[in-house]
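Geometric and topological summary
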Amino acid sequence: MRTLQLQANRDAGRLWSSLLIVLGCFSTLGLANCAQGEDEIRLKNGSVLRGTELFTHSLTSVPVSINVLRRPGDDNRETRNIARVENGWQYIFFPVQQQVAVGKPGAVPLAPAPAIFKIDPPRVNLKRVPLASLGPITSTEPFSEIGVRTITMQGSKSTLSIVQAITLVAPDHVMVESLNCDWKYGVSLKSVPADMIEKLVRRKVKPADEHDRYGLAKFYWEAELYNQAFNELESISKDFANRKDLVDRIQAGQAELMNYFGSQIRRHLERRKRGAQHVLAEEYARKLMTQPLSGAVRQDVEQFIRNYEEGRQNIERAKLLLGDWQAKINDSEQEERLQQLRSEINEQLDFETLPRLDAFLKAESDKQYEPAERLAMAYSGWVLGSANAVTDLDQTLRFWDARRSVLEYLRTNEPSTQIEAMKTLKTTESVGPDAVMKLIPQLPPILDASDISPSVAHQVEVTEGTTANYWVMLPAEYSPHHNYPLVIALRAQGRTTEETLKVWAGEPGHPDLGNQRGYIVIAPEYVEKTATEYTFGSPAHEAVLNCLIDARKRFSVDSDRVFLAGHAMGADAAFDIGMAHADEFAGVLPIGGNATNYSEHYWMNGEYTSWYVVGKGYWANGVRDPTSNRVLNNMLTQPKFDVMLVEYSGRSGDNMTDEVPKFYDWMELAAHVRDPLPKQFQMRSMRKADNRFFWLTAAGLPRDFVLPLPAGSGIKVEPMDFKARITTAGNLITLPGLTQNYTIRLTPELVDFDKPVSVKIGGRSPSNYHVTPEIDGLLDDLRTRGDRKRLPLAVIRPK
């Protein structure tokens, strides 16, 4: 019996439907076993899941199907608002209200179902090992060519050898079964060498069967084994060239499959381009053009390459035009000044900075502009952004003077120098807070990072605010003119920060990790090097947050796309820090950790970020660690929480390093950016240091609990809840329960600066403030925090 199973999704899209028509129905390849009971589920955040969907009201209750929920006589009156998707190797939980579409394969126009290979395990005559005797893994051999390996475990009395075999290969995972005990689990396909995968699946393909061969090519593509996919297509074309009865079908099938491949490649090309990896993007596009593409895909790829060619032409054209128009300026003093500006542009003009000159380039054929006006558009667009370009050259030069004063203020720790820079800035004609806000996005990083090369691990010493250090790897083709997402990776016990960095960042040749995905990755030294557990202390919070601040000041970080992740001990810290400071992160990814102590009180803060939680998993005997149930149940039953809990059958979650590429897929979803500043929020704190929430800082908090509490301490835990609300209509800020010791940072989105602002604390009468936008608070916040996305134009402190 053929064991290659292709789950055909007839309604997945025109290209794939056409291919199925050409090649015929795949039902003869055993589809029924794969498709029965499987659902396709789309979540609000863009995630797409496959598997059998069940429903439950807690992690410890028995889940039921939708059919049971619809029965009138259902005795369980609990609201089952947690969905659970089972796919054979994972259990994925999420709030039911986060689901937007569900159906059987083909009912919802999602991606086509994957190609799956079943592998027959070898027959062995081994002594059975009881599950109860299994202990920690002491060694693991690599898989052999036939997908078999031996792992050694510490038993209760002696060392035990467990023989395992790969029994299923899917585009994203392989199933591993133990041949001498009842232990079965899945691992990421990318954790298995590609050449071994190729040998396994080829044994299940009949070389003379075009259905099998195209199924193999499809599998390679879905598994992102692109070289193998293209080689297989080329081989198919040659092997079936003399089959007159098949030539039309083969050619049509190959064209459709290549178009499907091409559409996926375009997505990867755009991802490279978005990540400022322009050299890699163009190289891949040109390589794609050597393949037999046709129709719209070829045209799109050709246009992609032309865009780069036109970009290079525009770069050279801009440089020539600057020289031509500057030669027409008859003011020697002004010409000398302009030459300095031109030198900077000539040095830094590239694909990332070219958009700043859009207004200048578009005005090339417009004869109404004088040379000075044209140069003003170029040089003002360079420092303010093209949308804010002006035609007044004198004003443009003042903007450049203001930029120099801003950088001087930001880059010095000398109070006298700061005072002088601020004085110069404030006396620069026609440059106010609004102009400074427009300057900031185009500024270079505050701290120098010229000695840090892309794709290489570096150690950075944080010199301000803490003695903490961190390791960093910048992505391939790093540019200080591009805003990059940032991953903060917290180490597990027994792993160094440098090792942790490489788990997430990878190195050249790892396309699924941060270095090639266009992410900056840092690994803070948040605990002592000898630490084996996380102790929930404020110093760890301070270390992580100060490393984040340093990274935002030293590198070009997109503050709205910062993700906090950690394994094991690091996951304990990710839960704690992510819930205490949820407004700092676009997402938190705890992997195999414990949500305990402060998390049991802080969990409601998690509404303000997104969560991808990998639990500790189900071991072979079905035992599941319940330590985090209280927190996770609370999160999963909240409709507004963007939370997904993934637990792996037969594996401990703290060693899921092979799943890191999936975490990046989740981080890349468009929904996973930090939300805008809310006008109303409620946050909880139990530590004096956990006192900054969005636009509010509450100093001098009355309570500071150290958890876990000693047994028998008799101390009553009293969390502090902070509620804050801004009523735009009346410019009224309400802060129930606070004392006078607070700071409010106001942005244009929060209040109307043309009207008085009232602050009402508790039951007191409101205090009125006449606030006006100021440069001081704006730049001071940037200098101390490095966050360019939430800069206040005014700061209120108690009278």
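The structure presented is a predicted model; accordingly, all values stated were derived computationally and were not measured.

**Concerning the packing of aromatic side chains**
- Using the criterion set out here, one finds 24 aromatic pairs in the structure.
- Between the aromatic rings of Trp183 and Tyr185, the centroid separation amounts to 5.1 Å while the plane-to-plane angle is 40 degrees, which identifies the pairing as tilted. Accessibility assignment for this pair places Trp183 and Tyr185 in one class, buried.
- Considering the side-chain rings of Trp603 and Phe641, the 6.2 Å spacing of their centres and the 45 degrees angle between planes classify their relative orientation as tilted. Taken as a pair, Trp603 in the loop between helix H20 (599-602) and strand S19 (610-614) and Phe641 in the loop between helix H21 (629-636) and strand S20 (642-648) lie far apart in primary sequence, 38 residues in all. The same class applies to Trp603 as to Phe641, namely buried.
- Between Arg356 and the ring centre of Trp382, over which it is positioned, the NZ or CZ distance is 4.7 Å.

**A short note on helix H22 (residues 660-667)**
- Burial of H22 is extensive: seven of the eight residues sit out of reach of the surface.
- For H22, the complete set of buried residues consists of Val660, Pro661, Lys662, Phe663, Tyr664, Trp666 and Met667.

**Section: the environment of Arg272**
- Counting through the fold element by element, Arg272 comes out in helix H7 (residues 247-274).
- Exposure remark for Arg272: the relative accessible area of 8% places this residue in the buried category.
- Setting aside chain neighbours within four positions, we find Arg272 in contact with Gln277, Leu280, Ala281, Tyr284, Pro511 and Gln516.
- A distance of 2.8 Å separates a polar atom in the side chain of Arg272 from a polar atom in the side chain of Gln277.

**Describing the environment of Leu225**
- You can see Leu225 is positioned in the loop between helix H5 (210-222) and helix H6 (226-239).
- With relative accessibility at 14%, the residue Leu225 sits in the buried group.
- Along the sequence, Leu225 and Ala194 sit 31 residues apart, while their C-alpha atoms lie 7.7 Å from each other.
- Those residues in contact with Leu225, other than ones at most four positions away along the chain, are Ala194 and Tyr220.

**Brief notes about the environment of Lys616**
- If you trace the backbone, Lys616 turns up in the loop between S19 and H21.
- Once the C-alpha coordinates of Lys616 and Glu647 are considered, the two residues, 31 residues apart in sequence, prove to be 6.7 Å apart.
- There is a polar contact of 2.8 Å between the side chain of Lys616 and the side chain of Asn594.

**Structural notes on the sheet that holds strand S25 (residues 732-735)**
- Reading across the sheet, the five strands line up as S21-S24-S25-S27-S28 and stay open at both edges, with mixed pairing between neighbours. In the strand order of this sheet, the two ends are held by strand S21 (680-685) and strand S28 (767-769), each with one partner. The average angle at which neighbouring strand axes cross in this sheet is 15 degrees, direction not considered.
- Two elements, strand S24 (residues 720-727) and S25, share three bridges in a ladder whose sense is antiparallel.

Calculation rules
- Residues numbered from 1 in each chain as written.
- Predicted model: local features only at pLDDT ≥ 70, side-chain atom pairs only at ≥ 80, totals over all residues.
- Heavy atoms only, no water.
- Phe/Tyr/Trp six-rings, centres within 6.5 Å; stacked < 30°, edge-to-face > 60°.
- Buried < 20%, exposed > 50% of the residue type's maximum accessible area, 1.4 Å probe, protein only.
- Helix = DSSP H or I, 4+ residues; strand = E, 2+ residues; numbered from the N terminus.
- Lys NZ or Arg CZ within 6 Å of the ring centre and 35° of its normal.
- Contact = heavy atoms within 4.5 Å.
- Polar contact = N/O pair within 3.5 Å; in protein donor to acceptor, adjacent residues only side chain to side chain.
- Pairing = 2+ DSSP bridges.
- Axes fitted to C-alpha atoms, helices over the stretch in contact; angles between N-to-C directions.

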